[in-house]
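Fold and contact review
If you want the building blocks of each chain, they are given just below.
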Amino acid sequence: DKNFMSKTEMEENIVSLLQIKKLSMFEQIKLYISNKWEKLYPLLFSSMICLLLYFFKDNEIIDKCYYKCFDKTFISALVTAESIVFGFLLTTMVTLMQLNNSAIKNLIDTNRFPELIQYNKTAVIYSFLSVILTCVFLLTLEIQIPYYNIFVAIWIFVMNMVIFLSYRFLNIFYSFLKR
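This one's a predicted model, so the numbers in the text were calculated from it and none came from an experiment.

Conventions and cut-offs
Residues numbered from 1 in each chain as written. Predicted model: local features only at pLDDT ≥ 70, side-chain atom pairs only at ≥ 80, totals over all residues. Heavy atoms only, no water. Helix = DSSP H or I, 4+ residues; strand = E, 2+ residues; numbered from the N terminus. Contact = heavy atoms within 4.5 Å. Phe/Tyr/Trp six-rings, centres within 6.5 Å; stacked < 30°, edge-to-face > 60°. Buried < 20%, exposed > 50% of the residue type's maximum accessible area, 1.4 Å probe, protein only. Lys NZ or Arg CZ within 6 Å of the ring centre and 35° of its normal. Salt bridge = Lys/Arg side-chain N within 4 Å of Asp/Glu carboxyl O. Core = buried A, V, L, I, M, F, W, Y, C linked by side-chain atoms within 4.5 Å. Patch = residues over 30% accessible without salt bridge, like charges linked within 9 Å, V, L, I, M, F, W, Y side chains within 5 Å. Areas by Shrake-Rupley, 256 points an atom, 1.4 Å probe, with all protein chains shown as cover. Expected span 1.5 Å × (residues − 1). pLDDT = per-residue confidence, 0-100. Polar contact = N/O pair within 3.5 Å; in protein donor to acceptor, adjacent residues only side chain to side chain. Axes fitted to C-alpha atoms, helices over the stretch in contact; angles between N-to-C directions. Parallel < 35°, antiparallel > 145°, perpendicular 65-115°, else oblique. Left-handed = near helix turned anticlockwise from the far one by under 90°.

Here the focus is the overall build of the protein. Counting its regular elements, the protein contains 7 helices and 0 strands. Counting helices and strands in the order they occur from the N terminus, the protein gives α-α-α-α-α-α-α. Considering only contacts within the protein whose residues lie at least 6 apart along the sequence, 80% involve residues at least 24 apart.

Let us now look at the packing of aromatic side chains. Overall, the coordinates contain 8 aromatic pairs when judged by the stated rule. Centre to centre, the rings of phenylalanine 137 and phenylalanine 151 are 5.7 Å apart; their planes meet at 45°, and the pair counts as tilted. Here phenylalanine 137, found in helix H6 (residues 113–139), pairs with phenylalanine 151, found in helix H7 (residues 148–178); they are 14 residues apart in sequence, far enough to count as distant. Side by side, phenylalanine 137 and phenylalanine 151 carry an identical accessibility label, which is buried. Three or more aromatic residues joined by ring pairs form one cluster here, namely Trp37, Tyr41, Phe45 and Phe164. Over the aromatic face of tyrosine 119 sits the side chain of arginine 168, whose NZ or CZ is 3.8 Å from the ring centroid.

Let's shift gears to the pattern of salt bridges. For the structure shown, the criterion picks out 1 salt bridge. Glutamate 115 serves as the salt-bridge partner of lysine 39, at 2.9 Å between the closest nitrogen and oxygen. In this pair, lysine 39 is assigned in helix H2 (residues 25–55) and glutamate 115 in helix H6, connecting sequence segments 76 residues apart. Residue lysine 39 is classed as partly exposed on the basis of its relative accessible area, which comes to 40%. Residue classification places glutamate 115 among the buried positions, given a relative accessible area of 17%.

Moving on: the nonpolar core. Counting 17 residues, the largest nonpolar core has Leu96, Leu107, Leu116 and Phe169 as its most contacted members. With residues up to four places along the chain from it excluded, the contact list for leucine 107 reads Arg112, Phe113, Leu116 and Phe176.

With that settled, consider a nonpolar patch on the surface. Judged by side-chain polarity, Met48, Leu51, Leu52, Tyr54, Phe55 and Phe56 come together as a nonpolar surface patch covering roughly 670 Å² of accessible area. Structurally, the position occupied by methionine 48 is in helix H2.

Within the secondary structure, serine 166 sits in helix H7. Overall, the relative accessible area of 9% leaves serine 166 in the buried class. In contact with serine 166, other than residues within four places in its own chain, are Val85, Leu89, Ala123 and Met161.

What follows covers helix H4 (residues 72–98). Its 27 residues give H4 an end-to-end C-alpha distance of 39 Å, which sits within 8% of 39 Å, the value for a rise of 1.5 Å per residue. Inspection of H4 places Ile75, Leu78, Val79, Glu82, Leu89, Thr92, Met93 and Leu96 among the buried residues, and these make up the whole buried set.

Attention now moves to the confidence of the model for the protein. When pLDDT drops low, the exact placement of atoms in the prediction is not to be read closely. Averaged over the protein, the pLDDT score is 79; the fraction of residues at 70 or greater is 78%. Highest mean pLDDT in the protein belongs to H6 (90); lowest belongs to helix H1 (residues 7–21) (55).

Structurally, serine 130 can be placed in helix H6. Polar side-chain contacts of serine 130 include one of 2.8 Å to the side chain of glutamate 82.

Pairs of packed helices are described in terms of their axes, by the angle between the two and the distance that separates them. Two numbers describe how H4 lies on H6: the axes approach to 9 Å, and their chain directions differ by 160°. With respect to each other, H4 and H6 are oriented roughly antiparallel. Pair H4 / H6 crosses with left-handed handedness.

Structure follows, in structure tokens:
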């Protein structure tokens, strides 16, 4: 019956609970902070980069990048790169779902598999949003759009989120493949 665990599954759950309880208070706090950091660092770093760009917007180098480097060739290359990242993340997730090896069993045993799927889903959504925003940016290069600075800030934030979210997913994914 699907509603009841087998004896082996119950024993495995008990062993994992006992292993968790064996952690000292310091180790539990360290694990909690590590999990929170893992969840929040893409948002923190992306926000920090946007704030730094805003506060140093009068810097000559940032000013040149902000207004003079955005041409059709550069933006087209970004759309291509973002599309590749988007496709790679989707392919990685499909591949991950079809694997049935010890690394995946380890993810399932440690209850990290749903978390890994969620991390990938978030990275894919931001990657798709980034492709759309970059395409809009490419289409509006020739005209003055209202609230240009706000649009560019959102675009830069989303691009940074894609970088950090993709890194987070791939870092966890490859660390479990090594085990």
